[in-house]
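Architecture at a glance
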Amino acid sequence: MEQKMRLIDAAVDLYHEKPWDLFDAHEVFELDKVPFAQHVYCLFMMSSGRKSIRFYHGIESFYDISDDFKPMDNIRVDLFHRYEHDFYEVIFDDPAHLSEPYREAGHQLGLSDREIPVMLSQKKRHFISGLDETDEERLAYLINELHDAMNLYLKEGYELDFNKRRFVYDVKKKSSSSKKSAYRPRKYDVVEIDDDELMQKLSELDVIDEIWEFDVQVTDSIVFASEGDLSSPVYLAALANVLDQQMLAAVPFEPFGDLQFQCIDLMIEAFMQRGLPKGLVVRHPLVGSSMMDLTRKLNINLVPVEEFEMLDDFVDGLDQFMNQNKEIN
């Protein structure tokens, strides 16, 4: 209980500094030399009208948050990237989502339900969850260090263009600097197929008069059991023949496996069963980069699009069906 009280107290102290009046969501504070993450990236955000602070862990998370600043403006692709993050989040003015232990700890501090922040953890490719004791200790540490970093920034009178640079605070030396920032959507490596025997076998398949849609979407309604008490969304790969409006495959991917190689395996299996389509329509950059070398070698026209004719309707229907079953159960 005392640890929860210290965490709440630290968060409320930072809240009273009103950082949302000073900084926009793209203005990143980097905490350097953090013992358990080395680099942590801190943002003051507004979410559904509520103020929040996010602490993204590790250098990979910095590249992933670029998609928050430069989103694809496609709800399904942006949803996919949401689960690529690894972060803590502190949300204020959200009493409906307070857990009972935090409500009790906040009341001991003399706070009302509305004043007690909600504390959450998002682990990469997992659903968001509450904090364990280690998370609480780490988050309290990060909040205090961010508070110090923000005060140092204001004290030293920085005039930083956050679109080009980010403020860096060394938690060991208690000193500051800045680094160049480049907020660009995440890039995926093109996967090259180096199996000559396989490519020869595929090249001998018949070419069929079909155009396929292929996508990988993360679903909120289907749960993949994971380690411990955590659960993960299912990454659903779907393949459809546009010309005759036929679903060809809907396959759940292993969320912690290599999604690109799973894309390739599924596509090769479809080729073996049906032949080679004249065209392949993709939307997600991960899928496009997975298919680029394969389709080039097989002379299949690879076409990027923003919307699908069939797959979005299929996944919407699947989500609706699963949500109805949840309500019934």
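Here's a quick rundown of the structure. (Residues numbered from 1 in each chain as written. Predicted model: local features only at pLDDT ≥ 70, side-chain atom pairs only at ≥ 80, totals over all residues. Heavy atoms only, no water.)

**Thoughts on the overall build of the protein**
Looking only at helices and strands, the protein features 9 helices and 12 strands. Taken over the C-alpha atoms alone, the protein extends approximately 70 × 50 × 30 Å along its principal axes. In the protein, which comprises 329 residues, the share counted as buried stands at 50%. In the protein, the share of contacts with a sequence separation of at least 24, taken over all contacts with a separation of at least 6, comes to 67%. (Helix = DSSP H or I, 4+ residues; strand = E, 2+ residues; numbered from the N terminus. Buried < 20%, exposed > 50% of the residue type's maximum accessible area, 1.4 Å probe, protein only. Contact = heavy atoms within 4.5 Å.)

**A short note on the packing of helix H7 (residues 259-274) against helix H8 (residues 285-297)**
In the contact formed by H7 and H8, the axes pass within 9 Å of each other and the chain directions differ by 50 degrees. Comparing their axes, H8 and H7 come out oblique. Where H7 crosses over H8, the two elements pack in a sense that is right-handed. Across the interface between the two elements, Leu259, Gln260, Cys263, Ile264, Met267, Ile268 and Phe271 from H7 touch Leu286, Val287, Ser289, Ser290, Met291 and Leu294 from H8. Residues belonging to the contact of H7 with H8 are distributed by class as follows: 10 nonpolar, 3 polar and no charged. (Axes fitted to C-alpha atoms, helices over the stretch in contact; angles between N-to-C directions. Parallel < 35°, antiparallel > 145°, perpendicular 65-115°, else oblique. Left-handed = near helix turned anticlockwise from the far one by under 90°. Nonpolar A, V, L, I, M, F, W, Y, C, P; charged D, E, K, R; others polar.)

**Observations concerning the pairing of strand E10 (residues 246-253)**
The two faces of a sheet get side chains in turn, since along a regular strand they alternate between them. Pairing analysis gives 7 bridges linking strand E9 (residues 231-241) to E10, with the strands arranged antiparallel. Note that in E10 the partner of Asn241 across the bridge is Gln246. (Pairing = 2+ DSSP bridges.)

**Some words on the environment of Asp209**
Tracing the sequence through the fold places Asp209 in strand E8 (residues 207-225). Sequence separation between Asp209 and His284 is 75 residues, and the spatial gap between their C-alpha atoms is 24 Å. Sequence-distant contacts of Asp209, that is, excluding residues within four places in its chain, are made with Leu243 and Lys278. At 3.4 Å, the side chain of Asp209 forms a polar contact with the side chain of Lys278. (Polar contact = N/O pair within 3.5 Å; in protein donor to acceptor, adjacent residues only side chain to side chain.)

**Regarding the sheet that holds strand E4 (residues 87-91)**
Strand order in the open sheet made by the 7 strands is E5-E4-E3-E2-E1-E6-E7, with mixed pairing throughout. Strands with a single pairing partner mark the edges of an open sheet, and in this sheet they are strand E5 (118-122) and strand E7 (175-180). Here the average twist between neighbouring strands, direction ignored, is 25 degrees. Sheet topology note: the strand E1 (residues 29-34)/strand E6 (residues 165-170) ladder contains 4 bridges and is parallel. Bridge pairing in E6 links Phe29 to Phe167. Sheet contacts for helix H1 (residues 2-15): strand E2 (38-47), strand E3 (50-57), E4 and E5; angle to E5, the most-contacted strand, approximately 100 degrees.

**Let's talk about a negative patch on the surface**
Taken together, the side chains of Glu192, Asp194, Asp195, Asp196 and Glu197 define an acidic patch exposed on the protein surface. By the element assignment, Asp195 lies in the loop between E7 and helix H6 (196-203). (Patch = residues over 30% accessible without salt bridge, like charges linked within 9 Å, V, L, I, M, F, W, Y side chains within 5 Å. Areas by Shrake-Rupley, 256 points an atom, 1.4 Å probe, with all protein chains shown as cover. Salt bridge = Lys/Arg side-chain N within 4 Å of Asp/Glu carboxyl O. Lys, Arg positive; Asp, Glu negative; His and termini not counted. Charge placed at Lys NZ, Arg CZ, Asp CG, Glu CD.)

**Quick notes on the nonpolar core**
One broad trend across soluble globular proteins is that nonpolar side chains are buried collectively. Of all hydrophobic cores here, the largest spans 45 residues; its most connected members are Phe29, Leu31, Phe44, Phe55, Met119, Leu139 and Ile143. Filtering out sequence-adjacent residues up to four positions away, Phe44 remains in contact with Leu14, Pro19, Trp20, Phe23, Asp24, Ala25, Phe29, Ser52, Ile53, Leu146 and Met150. Membership of the second largest hydrophobic core comes to 35 residues, among which are Ile193, Leu239, Met267 and Phe271. (Core = buried A, V, L, I, M, F, W, Y, C linked by side-chain atoms within 4.5 Å.)

**Describing the pattern of salt bridges**
For the structure shown, the criterion picks out 20 salt bridges. Measuring nitrogen to oxygen at the nearest pair gives 3.9 Å for the salt bridge that ties Arg283 to Glu307. Remark: Glu307 occurs in the loop between strand E12 (301-304) and helix H9 (311-328) and Arg283 occurs in the loop between strand E11 (276-282) and H8; sequence separation between them is 24 residues. Note on Glu307: relative accessible area 55%, which makes it exposed. Ionic pairing is found between Lys297 and Asp293, a salt bridge with its closest N-O pair at 3.1 Å. Taken together, the residues span about one helical turn, with Lys297 and Asp293 both in helix H8 at a distance of 4 residues.

**Considering the layout of surface pockets**
Size it by volume and the largest pocket reaches roughly 320 Å³. Around the largest pocket sit 16 residues that line it, and Arg54, Glu89, Ile91, Leu120 and Ile128 are the ones nearest its centre. Breaking the lining of the largest pocket down by element, the ones donating at least two residues are E3, E4 and E5. Considering only residue class, the lining of the largest pocket consists of 7 nonpolar, 4 polar and 5 charged. The computed volume of the second largest pocket comes to approximately 270 Å³. Of the residues forming the lining of the second largest pocket, the biggest block, 3 residues, is contributed by helix H2 (residues 58-69). Taken together, the residues that form the lining of the second largest pocket break down as 4 nonpolar, 2 polar and 9 charged. (1 Å grid on protein atoms, 1.4 Å probe; cavity = no way out; pocket = protein on both sides within 12 Å on 5 of 7 lines; lining within 4 Å. Points joined across faces, edges and corners; volume = space filled by probe spheres on them.)

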